[in-house]
Amino acid sequence: MERNFLLEIGCENLPSGYLDLALEQLKEECAAGLKNERIKFDSISTLGTPNRLVVYITNLASKQKVIEEEVTGPPVSVAVSDQGDYTRAAFGFAESQGVSVEDLKRVRRERGEYLAVVKRIPGRKTEDVLKKMAPLWITGIRFPKTMRWDGSGLRFARPIRWIFSFLGEKQFKFRVGSVSSGNKTRVRPSFDIYVEVGGIDGYFSLMQENRIVLDPAERRERVVKALRREAKRLGARVVRDDELVAVVANLLESPVPFTGRFKEGFLSLPRQVIVTALKSHQKYFSVEDEEGKLKPFFIAFADGIRKNRKEIVRGYERVLQARLADAVFYFDEDTSIPISEMAKRLSSIVWMEGMGSLADKSTRTERLSLWLKSKWNIGSDRLSDTISKAAKLAKADLASEMVKDGKEFTLLQGYMGREYARVSGEDESVAEAIYEHHLPRFAGDDMPVGEAGLIISCADKLDNISGGFILGFGPTGSVDPYALRRQAMGVLRLMIEREMAVSLPEAIDKSLSLYEESVSNIPSLFDVIYKFFGRRFFSILRAEGFDHDIVTALMSAGWEIPFLTRKMALQLSRMRKEGRLSPFILAMKRIANITGSVSKDNIRTRGLEMLALLAGREEEKLPFTPDFFKLKAETDLFKTASKAAARVLSLKRERKEDQVFSMLYQELVGPVDRYFDEVLVNCDEEKTRKNRISFLSALRSAFSYLCNYSEIKDE
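Residues numbered from 1 in each chain as written. Predicted model: local features only at pLDDT ≥ 70, side-chain atom pairs only at ≥ 80, totals over all residues. Heavy atoms only, no water.

**Q** Please clarify how a negative patch on the surface should be interpreted in this entry.
**A** A surface patch of negative charge is lined by Asp20, Glu24, Glu28 and Glu29. For Glu28, the position within the fold is in helix H1 (residues 16-36). (Patch = residues over 30% accessible without salt bridge, like charges linked within 9 Å, V, L, I, M, F, W, Y side chains within 5 Å. Areas by Shrake-Rupley, 256 points an atom, 1.4 Å probe, with all protein chains shown as cover. Salt bridge = Lys/Arg side-chain N within 4 Å of Asp/Glu carboxyl O. Lys, Arg positive; Asp, Glu negative; His and termini not counted. Charge placed at Lys NZ, Arg CZ, Asp CG, Glu CD. Helix = DSSP H or I, 4+ residues; strand = E, 2+ residues; numbered from the N terminus.)

**Q** Got a minute to help me understand the nonpolar core in this structure?
**A** Most often, soluble globular proteins have nonpolar side chains that are buried together. Judged by nonpolar contacts, the single largest core of 151 residues is most densely connected at Leu372, Leu504, Phe533, Phe584, Phe661, Leu664 and Phe703. When residues no more than four places from it in sequence are discounted, the contact partners of Leu664 are Phe584, Ala644, Val648, Val669, Phe703 and Tyr709. If you look at the next biggest cluster of nonpolar residues, it comprises 37 residues, including Phe5, Leu14, Cys30 and Ile44. (Core = buried A, V, L, I, M, F, W, Y, C linked by side-chain atoms within 4.5 Å. Buried < 20%, exposed > 50% of the residue type's maximum accessible area, 1.4 Å probe, protein only. Contact = heavy atoms within 4.5 Å.)

**Q** I keep staring at the packing of aromatic side chains and nothing clicks. Help me out?
**A** We describe a pair of aromatic rings using the distance from one ring centre to the other and the angle between the two ring planes. As enumerated under the stated definition, the model contains 35 aromatic pairs in all. These aromatic residues form a ring-pair network of at least three members: Phe624, Phe629, Phe638, Tyr675, Phe676 and Phe695. Above the ring of Tyr435, the side-chain terminus of Arg418 is found at 4.2 Å from the ring centroid. Between the NZ or CZ atom of Lys687 and the centre of the ring of Phe628, over which it lies, the distance is 4.8 Å. (Phe/Tyr/Trp six-rings, centres within 6.5 Å; stacked < 30°, edge-to-face > 60°. Lys NZ or Arg CZ within 6 Å of the ring centre and 35° of its normal.)

**Q** Looking at this structure, I do not really get the pairing of strand E10 (residues 179-182). What am I missing?
**A** Where a strand is regular, its side chains alternate between the two sheet faces. Pairing geometry for strand E7 (residues 160-167) and E10, over two bridges, is parallel. Note on E10: the bridge partner recorded for Phe164 is Gly182. Pairing analysis gives two bridges linking strand E9 (residues 175-176) to E10, with the strands arranged antiparallel. For Val176, the partnering residue across the bridge sits in E10 and is Val179. (Pairing = 2+ DSSP bridges.)

**Q** Help me out: how do you make sense of the pairing of strand E1 (residues 3-11) in this one?
**A** In terms of residue burial, E1 counts as a mostly covered element, since eight of its nine residues are buried. Bridge analysis of E1 against strand E3 (residues 52-60) gives seven bridges, and the strand direction is antiparallel. Residue Leu7 lies in a different strand from E3, and its bridge partner there is Val55. The sheet contact formed by E1 and E7 spans seven bridges and is antiparallel. Considered in E7, the bridge of Glu8 is made with Phe164.

**Q** Teacher, can you tell me more about the pattern of salt bridges here?
**A** Pairing between side chains of opposite charge can happen when the charged atoms of each approach one another. One pass over the full model with this rule turns up 47 salt bridges. Of the charged contacts in the structure, one is a salt bridge between Lys279 and Asp241, with a shortest N-O distance of 3.0 Å. Taken together, the residues span a long stretch of sequence, with Lys279 in helix H8 (residues 271-281) and Asp241 in the loop between strand E13 (237-238) and helix H7 (242-249) at a distance of 38 residues. One network of salt bridges, in which partners are shared, links Lys361, Arg364, Lys395, Asp460 and Asp463.

**Q** In this structure, what is going on with the sheet that holds strand E16 (residues 294-303)? I would like to understand it.
**A** Strands in a sheet are paired, the pairing made by backbone hydrogen bonds, and the direction either parallel or antiparallel. An order of E13-E15-E16-E14 is seen for the four strands of this open sheet, with the pairing classed as antiparallel. Every other strand in the sheet has two partners, leaving E13 and strand E14 (255-261) as the edge strands with one partner each. Examined bridge by bridge, E14 and E16 share seven bridges and lie antiparallel to one another. What sits directly across from Arg261, in E16, is Phe297. Helix H6 (residues 216-233) contacts E13, E14, strand E15 (285-288) and E16 of the sheet and is inclined by roughly 30 degrees relative to E14. (Axes fitted to C-alpha atoms, helices over the stretch in contact; angles between N-to-C directions.)

The structure is reproduced here in structure tokens:
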């Protein structure tokens, strides 16, 4: 007989970010547990609010599925005598399996004939299995932080106050910590009043009667609809914030909207200050008119239907009034001096212990930014002036009253710097660069639009990464206290999406060198940081769908400029789809295979040196002697390779390395194939043999500087 199963874990208010995480884990663990225990079911739903996590399983089988298992025993040659009698080995095997020798059978395996027994494993009752599994489902939920609240030692995100559970029409009894399951739940967790429920249907009816929305997706939808409705009533529209919608929906069981207002005079504050005050501190939604101008209203939510709505709104307004008044005080204090004066305070603020002040960091960021600009070779002297001024002022808002408040306004770093720069009369390009140097702050965030902001953002993040590694704070496992992984991804995104033609290894080296002037005994960290970036870059390219072997081949050749490496991956992928990659890679591998393995160290430097020698046909410096060539195929390949080398160097100067592979395919495949068809490399004459191997080694070094072809598979 199939039955439904319901489990409700009642607890004190879970943090908003914990709910979805817990429900996802519950669903996965329940499905995996039932499958492992051979218990059939139709569906599993996990529902939840801040005060209850619910598992609902439909049509659960009454017993485990019966299975038959064949156990192989000793070989027949050992278990059966020549006269056909069972030996001691057969009796021992039968006894160990709990059967008689008459139940044994013969089976044939690769190595011969064996005795075996087919064991029938009966299914246990589902409720017996669940009594062991259900507690594990609860205690197995992994939260970012957990707590103990009684003497049982049980850890959970918040204290568990009750467990409601039914299997079919009967209460399902089990115990977790000091809490036993039963037939009682709460409809208002804040009140210590339990409601007795007769079964699963009664439970869902009770939730509906009390307007408790168990489905998080449905709550989010209700929040969105309520926002639109209330905004329309105010003659406005909601400032879109999907993150806040998700937070509010996970903070309430029965979201009910309220609208309030604040003094219109507060609208003189920068827009994001108001939006942040409403969102971060109070979880209120801002509203705006059709032109995007904020209006002096807000929309908030309470849990359940309340009779004293006006008093609730007045309370909401009082709290917000105080917070906005604080913001006005901070803003007035900060704008009483120019941002350049504010920046002078940075010399007294420690950046990271042992790494100097924020003023020192600003100086390094300025120098690295100007270096990046010169290497990229873009813009004019005016851009340099903008970069220099913005880099000096970029961290000034960290000394402001608004940002150093330590509460929600800390999130406005960069934004407040831009506002203070504008009030101080700084050029708009400087103000925008101050704001944009914080971008991107997270995956999917906006990118800097201006070149100054882009360059300072790269420099700032590179400086953070260098400083973090110097102090030994490089990420380990899930621990990344300074978010260096996120910042590395930001640097790579900037360099790729804006096609920043700068060598990242050179930038890392430059960043580290700026510390050497002020911090002694810096360990050799270049390789560590370069590999750290490499892992992030590898994951970016793989996430975009590039084949593993192509990405590995490019990155193991000593990649430098991220956007060009990505374009090269795109070129190789296109060649693979068009069927051109196979003959090209085979030709390159023919060269590599006969010359043996080479070290990957400095593969790029050696390759460029050899390209230059081939392109210039500097025969006295080449590791081989063209005069020793005896066959036309040798001379033809040398001439073709020299022209191809010159073309590669030309494409490199033009930052068009992504065209190299297609060019080499057209130029080299034919001559290489003819060479190996007509030339015996390992001939008997030693001088000729060594010269031919040296020639092929030179070709390998020259044309492998962008790609380690041996890593490309199945070609």
